[in-house]
Amino acid sequence: MTLPKDDVMRVKDVMTKNVIYVELPSTRDKVLEILKKHKVSAAPVLKNGKLVGIVTIKDLLRKVEEDQLALLMTENPVTVKPNDSIKKVVEIFLKNPFRRLPVVENGKLVGFLTVRDLIKKIAEMNIEKQVRDYMCDKVVCVWHEMPLNVCGEVMRLSGSELCPVLDDNAKLVGLVDEKIMLTESLIEEFIEKTQYSSSSDVDDEWSWEGTRDYVTKFFEVSVLKLPKEPVKNFMKKPAYVYSQTTVSKCAKEMIKNDIDHIPVLDHTDRICGIVKDKGLIKVLLEILEI
């Protein structure tokens with residue numbers, strides 16, 4: 001599937017125009033609140049209306065010693081323009097570790113373009129290529145009884161953004177990803193804290209609302225702490241594709257299940273690989289011409 005040369009897909013055709021952003025000065029807690037409220041994993045950072053950085057979930061998890069947004073964010077992010085081609089965007093994403101691009105025109109932030117936006121576009125394009133050509137055969141899986149804090153370490157050390165969860169029979173029973181790691185995180189102070197009764201009817205429920213029930217007397221160093229309950233208590237329902245699944249159908253499954261990576265099963269329903277969104281967007285380089 002190749003688009004005509006006079007029908008170039010551009011950034012403005014795919015980008016999100018209503019951008020959720022944060023402003024300097026700000027703190028970790030305020031950024032967390034905004035990300036959770038709008039259900040996003042990253043936001044551009046503005047100062048006096050000008051783009052000065054970008055802050056992501058990974059920044060919050062990796063810089064646990066920092067509280068100020070200015071020290072948490074990535075400064076001077078790579079940007080694109082509304083009329084840039086999508087092919088250029090894909091090349092930028094494939095050459096760099098980041099997953100988001102602020103869209104700037106005449107010095108003003110006018111949009112935000114993510115790898116997820118490209119996956120949504122692929123889902124609409126009816127691409128018949130099979131995912132076997134875009135999957136990776138290296139997959140890190142976790143056991144459903146593994147404590148969530150240990151799972152978090154496995155994901156951190158392996159660089160995995162999503163892990164399939166297996167039961168005692170090595171069957172796929174769920175998925176755990178970075179969003180769960182942050183959502184189930186508890187902000188806790190090292191020095192001293194006072195815990196009040198939870199507003200939840202379930203005492204052991206770990207939620208964003210639950211974090212508000214921890215009031216600190218001394219504010220010094222805060223950390224993100226994961227509960228020790230089994231992964232099975234927090235995992236998402238299983239989602240998967242087969243190696244012969246088409247690229248567009250795979251993209252639809254990823255969007256439907258709100259995941260950036262999806263396991264691939266063989267004919268015996270055993271995991272044989274994983275499709276990562278950045279691997280899948282390579283198809284756009286093959287079907288788009290400029």
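Conventions and cut-offs
- Residues numbered from 1 in each chain as written.
- Predicted model: local features only at pLDDT ≥ 70, side-chain atom pairs only at ≥ 80, totals over all residues.
- Heavy atoms only, no water.
- Helix = DSSP H or I, 4+ residues; strand = E, 2+ residues; numbered from the N terminus.
- Buried < 20%, exposed > 50% of the residue type's maximum accessible area, 1.4 Å probe, protein only.
- Contact = heavy atoms within 4.5 Å.
- Areas by Shrake-Rupley, 256 points an atom, 1.4 Å probe, with all protein chains shown as cover.
- pLDDT = per-residue confidence, 0-100.
- Core = buried A, V, L, I, M, F, W, Y, C linked by side-chain atoms within 4.5 Å.
- Pairing = 2+ DSSP bridges.
- Axes fitted to C-alpha atoms, helices over the stretch in contact; angles between N-to-C directions.

Some remarks on the overall build of the protein
Okay, so step 1: Secondary structure assignment for the protein yields 12 helices and 16 strands.
Okay, so step 2: Buried residues in the protein amount to 46% of all 290 residues.
Okay, so step 3: For the protein, the share of sequence-separated contacts (at least 6 apart) that also reach a separation of at least 24 residues comes to 64%.
Okay, so step 4: Element-wise, carbon and sulfur atoms account for 48% of the exposed surface of the protein, whose accessible area totals about 15,800 Å².

Quick notes on unusual backbone geometry
Okay, so step 1: Along the chain, Leu24 connects to Pro25 via a cis peptide bond; the corresponding omega equals -5 degrees.
Okay, so step 2: Turning to its location among the elements, Pro25 is positioned in the loop between strand 1 (22-23) and helix 2 (28-38).
Okay, so step 3: For Lys39, which is not glycine, the phi dihedral falls at a positive 55 degrees.
Okay, so step 4: Within the secondary structure, Lys39 sits in the loop between helix 2 and strand 2 (42-47).
Okay, so step 5: The class for Lys39 is exposed, based on a relative accessible area of 76%.

Some points on the confidence of the model for the protein
Okay, so step 1: Per-residue confidence for the protein gives a mean pLDDT of 83, with 82% of residues at or over 70.
Okay, so step 2: With pLDDT under 50 throughout, residues 1-6 is counted as low confidence; its partners more than four residues away or in other chains account for 11 contacts.
Okay, so step 3: Counted against residues more than four places away or in other chains, residues 187-223, with its pLDDT under 50, gives 56 contacts.

Description of the nonpolar core
Okay, so step 1: Ile86, Leu118, Ile122, Leu280 and Leu284 are the most contacted members of the largest nonpolar core, which totals 43 residues.
Okay, so step 2: Discounting chain neighbours no more than four positions away, the residues touching Leu280 are Ile119, Ile122, Val131, Tyr134, Val247, Cys250, Ala251, Met254 and Val275.

Describing the sheet that holds strand 16 (residues 271-276)
Okay, so step 1: Strand order in the open sheet made by the 3 strands is 14-15-16, with mixed pairing throughout. With one partner strand each, in any of the chains shown, strand 14 (241-242) and strand 16 form the two edges of the open sheet.
Okay, so step 2: Relative to strand 15 (residues 261-265), strand 14 runs parallel, the two sharing 2 bridges. Within strand 15, the residue paired with Tyr242 across the bridge is Leu265.
Okay, so step 3: Docked against the sheet, helix 10 (residues 247-256) engages strand 14, strand 15 and strand 16, running at close to 125 degrees with respect to strand 15.

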